[in-house]
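Residue-level structural notes
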Protein chains: 2
Amino acid sequence: MSAGDNRLVTSPDVHAEEPDLASLGALLADSTRAAICLALLDGRAWTASEVARLAGVAPSTATSHLNRLVDGGLLAQERRGRHRYVRLADSGIAEMIEALAARAPRRLVPVRSLTAARRHRAVGFARVCYDHLGGSLAVAMTDAMTARELLSWESGPALTASGTAWLARLGIADEAAGAAGRPHVRTCLDWTEQRPHLAGAVAAALFHRALEASWLVPGDGSRVVRLTEPGRDALRRHLGLADEALSTG
Amino acid sequence: MSAGDNRLVTSPDVHAEEPDLASLGALLADSTRAAICLALLDGRAWTASEVARLAGVAPSTATSHLNRLVDGGLLAQERRGRHRYVRLADSGIAEMIEALAARAPRRLVPVRSLTAARRHRAVGFARVCYDHLGGSLAVAMTDAMTARELLSWESGPALTASGTAWLARLGIADEAAGAAGRPHVRTCLDWTEQRPHLAGAVAAALFHRALEASWLVPGDGSRVVRLTEPGRDALRRHLGLADEALSTG
DNA sequence: CCGACACTTCGACGCGCGTCGAAACGTCCC
DNA sequence: GGGACGTTTCGACGCGCGTCGAAGTGTCGG
């Protein structure tokens, strides 16, 4: 797609291709770059300065990290005037990072303030997971959809007929069949709950709808998402969620 | 599970947990460790010496790498007499590594000999993918199953009714419903083909069956799997695979 | 046109870690 | 018991890379 394609310079039979796991690992092996990737899981495009501030490093340091992440294909960038916007390259990369984060060991971070503690609980409850919802709320929704047989799990997650109808009632056409044979009811291992929540195109559409209807509103510039009172109502009505599932753990 | 669990030492509200992506990345960031993980994707248990020889490092170096991989939870080990056997910790780890390998950049490795070249082509054709089949053959089988409507892709990969019947005809009970609501028709991004092939419990059972029936036989101690003449026959009969799909690219 | 700002380049510093060989330990076989 | 073998521990070496500040380039606004 871009320049610098090295598949053309190799003569046919003296070289073979192997996946270079190490170079991808090295990209994630630095704590600053890891923090950047995790922050970018909110799906937004960040400026280089924002990234530097979040990661707590000098702007020059951020530049070199962003260069490596872009070169490695993890990030896409767009230069606009004096700003450099970066975001995750595509949803596949986001999936990969989520999958890794779910399996990574836990690190204990000191909580500096009361608002930070509150935010941390909020992250566990509802957060953006690139293009869909994550957190205990998302897991509860997935469980409820399973219990109501909107979602079936025998041989992989899939919408049932009533699931498709349920979506239609919410004003969401089944976008799963859209992308030429590529599945888009997936699941995503929630890294706070260690249980799967709904992902893929259907989850993205659902999330989009919830934002439109102001059931969910973007939080304070991080991945946090807040559930509004109409949202609580809707989830009670449409999925029969109990009140325990509808508030911060 | 093991000792050194640090979840117990934190007092309730001054610390919060975050995924430590960097430490997991660091585990994979070294080319020797990456080679080890890739080799272990064959699902076998290797001794430390075998690992050292494969990676081309001194035994002492291999020891330290294996220690780190075991401590990091990627590998499980079993000590038997003077031997130390290591293997991937579980199928989840194998999935994660496959997912990473599929997205990792390609590295050009010089092919030293004619047999190495042959082996490389064989790896692209059919190889062990932890507990199931990978390579162009696996992709072709997946495509054929889709074409014959044994496999459906709307809203995620799933067996159709005729797919379940087809499996039963091969002597495979639907083991997908076994593990309490956890899906086990998955797909796996094939890193040679960059297209999905069947994975999960069903694929594992299918692979196991093919080995039993000697349709496939383990290759020369690497991930390579050979397709036998009866195997070719069976794939023609059961899936209508064309001859192009049945031989090394 | 000039100052503020976003970002980049460069050079220098220092730590972390992958590497090895030598030597020790434990196990197995004769 | 003795010798071969698989594995581990230890210490030493050296490279790679993340870090910063200072200076430079480009862009926007007044």
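Everything below is about the structure shown above.
The model shown is predicted, which means the values in this text are computed figures rather than measured ones.

Topic: the interface of chain A and chain B
Facing the 52 residues of chain A at the interface are 51 residues of chain B. Contact between chain A and chain B buries roughly 5,000 Å² in total, counting both sides, with carbon and sulfur atoms accounting for 68%. Connecting chain A to chain B are 2 salt bridges. Between B:Glu18 and A:Arg107 there is a salt bridge; the shortest N-O distance is 3.3 Å. When contributions to the side of chain A that touches chain B are tallied by element, the ones reaching two or more residues are β1 (15-19), α1 (21-28), α2 (31-39), α5 (91-103), β5 (106-110) and β9 (158-159) of chain A. The residue makeup of the side of chain A that touches chain B, split by class, is 31 nonpolar, 12 polar and 9 charged.

Observations concerning the nonpolar core
Ranked by size, the top nonpolar core spans 68 residues in total, and within it A:Leu74, A:Leu75, A:Ile97, B:Leu21, B:Leu74, B:Leu75 and B:Ile97 carry the most contacts. Those residues within four positions of B:Ile97 in sequence are excluded, and the remaining contacts are A:Leu21, B:Cys37, B:Leu38, B:Leu41 and B:Leu88.

Considerations on the sheet that holds strand β4 (residues 83-88) of chain B
Residue and element names in this part refer to chain B. An order of β2-β4-β3 is seen for the 3 strands of this open sheet, with the pairing classed as antiparallel. Edge strands, defined here as strands with exactly one partner in the open sheet, are β2 (46-47) and β3 (75-80). Relative to β4, β2 is paired through 2 bridges, and the arrangement is antiparallel. Residue pairing across strands places Thr47 opposite Tyr85, the latter belonging to β4. Contacts between helix α4 (residues 59-71) and the sheet are confined to β3 and β4, with β4 contributing the most and set at about 45 degrees to the helix.

Looking at the relation of the copies chain A and chain B
When chain A is brought onto chain B, the operation consists of a screw motion whose angular component is 180 degrees and whose axial shift is 0.0 Å, with 0.0 Å RMSD remaining. Expressed as a symmetry operation, the mapping of one chain copy onto the other fits a two-fold axis. Residues of chain A ranked by C-alpha distance from the rotation axis are headed by A:Gly25, positioned 2.3 Å from it.

Examining the protein's contact with DNA strand C
If you check the shell around DNA strand C, you find 21 residues, and the closest are A:Ser49, A:Thr63, A:Arg79, B:Thr61 and B:His65. Each atom of DNA strand C within 4 Å of the protein belongs either to a base or to sugar and phosphate, the latter forming 78%. Between DNA strand C and B:Arg33 there is a distance of 3.0 Å, counted from a phosphate oxygen to a side-chain nitrogen or oxygen. B:His65 has a polar side-chain atom sitting 2.3 Å from a phosphate oxygen of DNA strand C. Residue assignment for the surface near DNA strand C shows that the elements contributing at least two residues are α3 (48-55), α4 (59-71) and β4 (83-88) of chain A together with α2 (31-40) and α4 of chain B. At 4 residues, α4(B) tops the list of elements feeding residues into the surface near DNA strand C.

Quick word on the pattern of salt bridges
Taken as a whole, this structure holds 24 salt bridges over all chains when the rule is applied. A salt bridge links A:Glu95 to A:Arg186; the shortest N-O distance between them is 3.2 Å. One end of the pair, A:Glu95, is in helix α5; the other, A:Arg186, is in strand β10 (residues 186-189), and 91 residues separate them in sequence. Close ionic contact of B:Arg44 with B:Glu50 constitutes a salt bridge, the shortest N to O distance being 3.6 Å. The class for B:Arg44 is partly exposed, based on a relative accessible area of 34%.

Cut-off values and rules
Sequence order as written defines the numbering, with residues in each chain counted from 1. Chain labels run from A onward and ligand labels from 1 onward, assigned in the order the entries are written. Only residues with pLDDT of 70 or above have their local features reported here, since the model is predicted, and side-chain atom pairs are shown and tallied only from 80 upward, although totals for entire chains, interfaces and linings are computed over all residues. Hydrogens and waters are ignored; side-chain quantities use all the structure's heavy atoms. In what follows, a contact means two residues having at least one pair of non-hydrogen atoms within 4.5 Å. Here's the idea: put two parts together, see how much 1.4 Å probe accessible area each one loses, and the total over both is what we call buried area. For this document, the term salt bridge refers to a Lys or Arg side-chain nitrogen within 4 Å of an Asp or Glu carboxyl oxygen. Only DSSP runs of H or I covering at least 4 residues are called helices, and only runs of E covering at least 2 are called strands; the numbering of each starts at the N terminus. Classes in brief: Ala, Val, Leu, Ile, Met, Phe, Trp, Tyr, Cys and Pro nonpolar; Asp, Glu, Lys and Arg charged; the others, Gly included, polar. Residues belong to a common nonpolar core when they are buried Ala, Val, Leu, Ile, Met, Phe, Trp, Tyr or Cys residues joined through side-chain atoms within 4.5 Å. Throughout, exposure labels follow a simple rule: accessible area from a 1.4 Å probe, protein chains only, divided by the maximum for the residue type, with under 20% read as buried, over 50% as exposed, and the rest as partly exposed. Pairing between strands is defined by DSSP: at least two bridges between the two strands are required. What counts as an axis is a line fitted to C-alpha atoms, over the stretch in contact for a helix, and the angles between N-to-C directions run from 0 to 180 degrees. Least-squares superposition aligns the copies on the C-alpha atoms of those residues with pLDDT at or above 70 in both. A molecule or strand has a residue near it when one of that residue's heavy atoms lies within 4 Å. The definition of a polar contact used here is a pair of N or O atoms within 3.5 Å, where within protein one atom must be able to donate a hydrogen and the other to accept one, and adjacent residues in sequence count solely through side-chain atom pairs.

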